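Examination of the molecular architecture
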Amino acid sequence: MSPALPADDPTDETPTDPAADGAATITPYRDGPLIVRGDFRLVDQDGTEIDPGRRTVALCRCGKSGIKPFCDGTHKRSGFSAPSAPSRPRPAAAIRRQGDPPA
């Protein structure tokens, strides 16, 4: 069974997946869910697989969804606020860039 998603949810099945090789991409939407597209496995903390029912899903970031781990649009009513990208670079990313060989 596929979770119910809001009408304006960006989880359509259009082939706009930037990972042409089928690898999963995860996009945090501003003030909204994490959109997962492509080939992925979703498991709970015990390792039990959760059937997402489709190749594109919206995962809750606000913690208030009634169908966790999936988004049900509650973030809009609850006033959830989160940016789409980190407000500052992650330290590991800077270290990795410094250690990369010159191109």
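Residues numbered from 1 in each chain as written. Predicted model: local features only at pLDDT ≥ 70, side-chain atom pairs only at ≥ 80, totals over all residues. Heavy atoms only, no water.

Before going further, it helps to examine the overall build of the protein chain. Each helix and strand counted, the protein chain has two helices and three strands in total. Taken from N to C terminus, the helices and strands of the protein chain fall in the order β-β-β-α-α. Among the 103 residues that make up the protein chain, the fraction classed as buried is 26%. Across the protein chain, every contact between residues at least 6 apart in sequence was considered, and the portion connecting residues at least 24 apart equals 41%. Accessible area of the protein chain: about 7200 Å², with a carbon and sulfur share of 54%. (Helix = DSSP H or I, 4+ residues; strand = E, 2+ residues; numbered from the N terminus. Buried < 20%, exposed > 50% of the residue type's maximum accessible area, 1.4 Å probe, protein only. Contact = heavy atoms within 4.5 Å. Areas by Shrake-Rupley, 256 points an atom, 1.4 Å probe, with all protein chains shown as cover.)

That bond from lysine 68 to proline 69 is cis: its omega, 10°, falls within 30 degrees of zero. Structurally, proline 69 is set in the loop between β3 (56–59) and α1 (74–78). For aspartate 31, which is not glycine, the phi dihedral falls at a positive 55°. If you trace the backbone, aspartate 31 turns up in the loop between β1 (25–28) and β2 (34–37).

This part covers the nonpolar core. Within the largest apolar cluster, five residues are counted, these being Val36, Leu42, Val57, Leu59 and Phe70. With near-sequence residues (within four places) excluded, valine 36 lies in contact with Thr25, Ile26, Arg55, Thr56, Val57 and Leu59. (Core = buried A, V, L, I, M, F, W, Y, C linked by side-chain atoms within 4.5 Å.)

The full count for this structure, using the stated rule, is two salt bridges. Residue arginine 55 is joined to aspartate 39 by a salt bridge in which the shortest nitrogen-to-oxygen separation is 2.4 Å. Residue arginine 55 is found in the loop between β2 and β3, and its partner aspartate 39 is found in the loop between β2 and β3; the two are separated by 16 residues along the sequence. Residue class for arginine 55 comes out partly exposed when judged on its relative accessible area of 41%. The exposure class assigned to aspartate 39 is partly exposed, which follows from its relative accessible area of 49%. (Salt bridge = Lys/Arg side-chain N within 4 Å of Asp/Glu carboxyl O.)

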